[in-house]
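Below are the chains, spelled out letter by letter.
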Amino acid sequence: MWCQRLAWLLRGRRGSTRCRWPWLPQDPRPVLAVPARCHPTVPASPHCAWQLHQDHLELSYGNTVMHLDFVWLRDHCRSASCYNSKTNQRSLDTASVDLAIRPQAVRVDETTLFLTWPDGHVTRYSLEWLARNSYEGQKQQVMHPRILWNAEIYQQAQVPSVDCRSFLETDEGLKEFLQNFLLYGIAFVENVSPTKEDTEILAERISIIRETIYGRMWYFTSDFSRGDTAYTKLALDRHTDTTYFQEPCGIQVFHCLKHEGTGGRTLLVDGFHAAEQVRHQAPEHFELLARVPLKHEYVENVGGCHNHMIGVGPVLNVYPWNNELYLIRYNNYDRAVINTVPHDVVRRWYHAHRALTAELRRPHNELWVKLKPGKALFVDNWRVLHGREAFTGYRQLCGCYLTRDDVLNTARLLGLQA
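The residue numbers shown here count from 1 along each chain, following its written sequence. For this predicted model, a pLDDT threshold of at least 70 governs which residues receive local features, and a threshold of 80 or more governs which side-chain atom pairs are given and counted, while totals over whole chains, interfaces and linings are taken from all residues. The basis for the side-chain values is all heavy atoms of the structure; hydrogens and waters are excluded.

An unreviewed UniProt entry annotates the protein chain as Trimethyllysine dioxygenase, mitochondrial originating from Bombycilla garrulus. UniProt positions are given in the numbering used here, feature names are shortened, and annotations may be inferred rather than shown by experiment. Regarding the protein chain, the UniProt comment filed under Pathway (unreviewed entry) reads as follows: "Amine and polyamine biosynthesis; carnitine biosynthesis."

### Observations regarding the overall build of the protein chain
From N to C terminus, the protein chain includes 12 helices and 23 strands. Evaluated residue by residue, the protein chain yields a buried proportion of 48% over its 418 residues. Taking the contacts inside the protein chain whose residues are at least 6 apart along the sequence as the reference set, 71% of them involve residues at least 24 apart. Accessible areas in this description were obtained via Shrake-Rupley with a 1.4 Å probe; residue shielding takes into account the shown protein chains only. Just so you have it, the protein chain exposes about 21200 Å², and 52% of that area is on carbon and sulfur atoms. To qualify as a helix, a DSSP run of H or I must reach at least 4 residues; to qualify as a strand, a run of E must reach at least 2; elements of each kind are numbered from the N terminus. For the exposure calls, accessible area comes from a 1.4 Å probe over protein chains only, and a residue counts as buried if that area is under 20% of its type's maximum, exposed if over 50%, partly exposed in between. Contacts: residue pairs with any heavy atoms within 4.5 Å of one another.

### Observations concerning the sheet that holds strand β7 (residues 112-116)
Pairing between strands is defined by DSSP: at least two bridges between them are needed. Taking strand neighbours across the sheet as the criterion, the 3 strands line up as β6-β7-β8 in an open arrangement whose pairing is antiparallel. Each of the sheet's edge strands pairs with one partner strand only, and the pair in question is β6 (105-108) and β8 (122-126). Along the sheet, successive strands turn relative to each other by an average axial angle of 15 degrees, direction set aside. Alignment of β7 against β8, held across 5 bridges, turns out to be antiparallel. When the bridges of β8 are listed, F114 appears paired with R124. Only C-alpha atoms enter the line fits that serve as axes; for helices the fit covers just the stretch in contact. Angles between N-to-C directions range over 0 to 180 degrees.

### Some words on the nonpolar core
Within the largest apolar cluster, 28 residues are counted, with the highest numbers of intra-cluster contacts made by F177, L178, I206, F378 and L402. Listing elements by their share of this core, those giving two or more residues are α6 (164-169), α7 (171-184), β10 (186-190), α8 (196-204), β14 (251-260), β21 (376-380), β23 (394-402) and α12 (404-413). For L178, the contacting residues outside a window of four places in its chain are I206, V407, T410, A411, L414 and L416. The nonpolar core is taken to be a set of buried Ala, Val, Leu, Ile, Met, Phe, Trp, Tyr and Cys residues, with the residues joined through side-chain atoms within 4.5 Å.

### Some thoughts on the pairing of β6
Each regular strand carries side chains that alternate between the two faces of the sheet. Residues V106 and V108 point to one face of β6 and are all buried, whereas A105 and R107, pointing to the other face, are not buried. Summarising the sheet, β6 and β7 pair through 4 bridges and their orientation is antiparallel. What sits directly across from R107, in β7, is F114. As consecutive antiparallel partners, β6 and β7 are separated by 3 residues.

### Here we look at the packing of helix α9 (residues 271-281) against helix α11 (residues 343-360)
Contact geometry for α9 and α11: axes closest at 9 Å, N-to-C directions at 130 degrees. On the basis of the axis angle, α9 is oblique to α11. Here α9 and α11 pass one another in a crossing that is right-handed. Counted together, G271, A274, A275, Q277, V278 and Q281 of α9 and A355, L356, E359 and L360 of α11 form the full contact between these two elements. Three categories are distinguished: nonpolar for Ala, Val, Leu, Ile, Met, Phe, Trp, Tyr, Cys and Pro, charged for Asp, Glu, Lys and Arg, and polar for the others, with Gly belonging to the last. Of the residues belonging to the contact of α9 with α11, the class tally is 6 nonpolar, 3 polar and 1 charged. Oblique is the label for every angle not falling under 35 degrees (roughly parallel), over 145 degrees (roughly antiparallel), or within 65 to 115 degrees (roughly perpendicular). Rotating anticlockwise by less than a right angle from the far helix to the near helix defines a left-handed crossing, while the corresponding clockwise rotation defines a right-handed one.

### Here's the deal with α9
For an α-helix, 3.6 residues make a turn, and residues three or four places apart therefore share a direction. Residues of α9 that are buried include every one of G271, F272, H273, A274, A275 and V278, and no others. The term polar contact refers here to a pair of N or O atoms within 3.5 Å; inside protein, the definition further demands a hydrogen-donor-capable atom paired with an acceptor-capable atom, and it admits residues adjacent in sequence only when both atoms are side-chain atoms. Taking the backbone nitrogen of F272 as reference, a side-chain oxygen 3.1 Å away marks D270 as the first, capping residue of α9.

### Section: the side chain of D270
Along the polypeptide, D270 turns up in strand β15 (residues 266-270). Residues in contact with D270, not counting those within four places in the same chain, are I147, L148, W149 and R383.

### Quick word on the packing of α9 against helix α10 (residues 283-291)
Viewed as axis vectors pointing N to C, α9 and α10 meet at an angle of 125 degrees, and their least axial separation amounts to 5 Å. When the interaxial angle is binned, α9 and α10 end up oblique. Only P283, H285 and F286 of α10 make contact with α9, whose side of the interface consists of A275, V278, R279, H280 and Q281. In terms of residue class, the contact of α9 with α10 is made up of 4 nonpolar, 3 polar and 1 charged.

### Description of the sheet that holds strand β13 (residues 236-239)
Within the open sheet, the 4 strands sit side by side as β13-β22-β15-β20. Their pairing is antiparallel. Each end of this open sheet is capped by a strand with a single partner; those strands are β13 and β20 (367-369). Between one strand axis and the next, the sheet turns through 20 degrees on average, direction left out of account. Note: β13 against strand β22 (residues 384-388), 2 bridges, orientation antiparallel. Residue H239 lies in a different strand from β22, and its bridge partner there is H386. Relative to the sheet, α9 contacts β15 and β22, its axis offset from that of β15 by approximately 40 degrees.

Here it is, written out as C-alpha cells:
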C-alpha cells in the first residue's frame, strides 16, 4: 500500500523539475534517479530489498542488512577498466574517486546490483559477493574456523598423526595435516628420521623457515648456551615464544632427537579456549587484556650472543570488526616493566591477568605429551601455549620457527579456509 501511494505521489509531481523529499537535506546537485524510501525488488527475489540514503545504499539480502557507502561501491568495481582479473589487483586509482560521488541510477534483479555513475560507467555486483564482503557480512563470519579444546576434548577427538612419507609426498597427507593444525593449533608427523636435516625438510614442506636470533634450525639442550631458561633442565611454565618480537613467530616446530633420562614431558594448552572462558565469565577482563599494550623484553649477554629485543602488544589480540581472537601474547618470563598502563587501570589489569592465568593453569586444560625421536610437533605459537616438566639426563631437541603467512598460503592453495 505504501509503495502504491508513493507511485501516486510521483505521478502527481510530473510537472516538477525536481522532487523534494522532506526527509533528505536539500542539495544543489541533481537528485538521485530513485527516491530514498521503499524499494522492493522484482517478485522473483523476495529476500532482497533496498533503499537509497544521502551517502549510502542500504541493501537487505537474505539475513544480511548492508550499508554500502557510495565511494566504497565505486572503489570496489570489478569491471575490466577498474580491476585486473588476471592479476587480481585493483586498476582504479582510489584517490581519483569523487568522495561525494552518488549513482545516477540503481537497479537490482534476482542476483545482481547495477549502479550507473555520473560519467556513465556501470558497476555490477553479485548480491552474494556483497553479502560476503560487506562489513556486515564479515562481522557474521570467522576468519579462521577452530575447535577450542581442553585435554579431554582433544583426546576424545583422537586427532591422528600424519605419516612422514604421506606428508612429504602427497597432497592428501599434507592437507590432512594442515586441517588438523588449523582446527586445533597443534599437529604431529610420525616416522621422521631423528636428524636436524630431516626435520628441516619436513618444515620446508609447508613454509619458509624464519631465521631469528636463534639461527635458522636450532639444537636445543640444557647447556645454558643461550641466556634463556629453556636452555636448562628446569620446568617451564606455559607460555608463547618470541613475545619480545614486534610480530611473534607464527609456528614452532619441535623434534626430540634424543633423551637419556626421565621427565621432560611437553605441556600444551589451548590459549584461545582459556581466553574464551574468560570472555564468557568476565567480559570486562577480556576487554582489558585486549586493549592494554605491554612491553616484552629479551636481554642476552652470554658468550658471543648479545641481544636486546622489545615487542609491544596486548596479551589478547582481536579483529576489531568481529572481535575474533587471533593472537595471544603470554609469557611471564619475558614480560618487561609495566609502564604503559596508568595507575587507575593497572590494578584492574592485574585482576584480568590473574583470571586468564588461573584458566590457563586449570589441570583439565593441560595436555601432556612425551616427545620421542621420530615424532615431530608443530605448534601454533599465536594460539597454543607450551611448557615442559623438569628432566634428568641428556635431552636434545631440534626445531625452527616458520613464517605464518606461508603456512596459511599453503593451506589456502589446498582449498582450506585459513
